[in-house]
Amino acid sequence: MKVDHETLEKIAHLARLEVRPEEEADLLNSLNGVLTWMEQLNEIDTTGVEPLTHISLETNVLREDVVGNHLSREKALSNAPQHDEQFFEVPKVLE
């Protein structure tokens, strides 16, 4: 597969990216390089190889989830840039 100008424009539109004309050639080369590399990976015989869920064998050390009042509401709200008496006030994210 090869990424052309039209495909790049479509990808940029879907990703909400603004690609300047002077960036287009470098971006096309980079995308085509990644796709070429992926095609090379597809040629590797992976029969009998189990899929990975983690890249390493290390596991997280987790603490017990214990309920407690470690930080009072007043103290937490005192550090907030905007708040009312009970809650943090944040800008609306979804319209």
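Residues numbered from 1 in each chain as written. Predicted model: local features only at pLDDT ≥ 70, side-chain atom pairs only at ≥ 80, totals over all residues. Heavy atoms only, no water.

Under an unreviewed UniProt entry, the protein has the name Aspartyl/glutamyl-tRNA(Asn/Gln) amidotransferase subunit C and belongs to Spirosoma arboris. For the record of the protein, the UniProt heading Subunit (unreviewed entry) holds the text "Heterotrimer of A, B and C subunits." Turning to the protein, the UniProt record has this under Sequence similarities (unreviewed entry): "Belongs to the GatC family." (UniProt positions renumbered as here; feature names shortened; annotations may be inferred.)

A. Structural context of the environment of Thr-47. Along the chain, Thr-47 turns up in the loop between helix 2 (21-42) and helix 3 (73-78). On the accessibility criterion, Thr-47 (65% relative accessible area) is exposed. Of the polar contacts made by the side chain of Thr-47, one reaches the side chain of Asp-45; its length is 3.0 Å. (Helix = DSSP H or I, 4+ residues; strand = E, 2+ residues; numbered from the N terminus. Buried < 20%, exposed > 50% of the residue type's maximum accessible area, 1.4 Å probe, protein only. Polar contact = N/O pair within 3.5 Å; in protein donor to acceptor, adjacent residues only side chain to side chain.)

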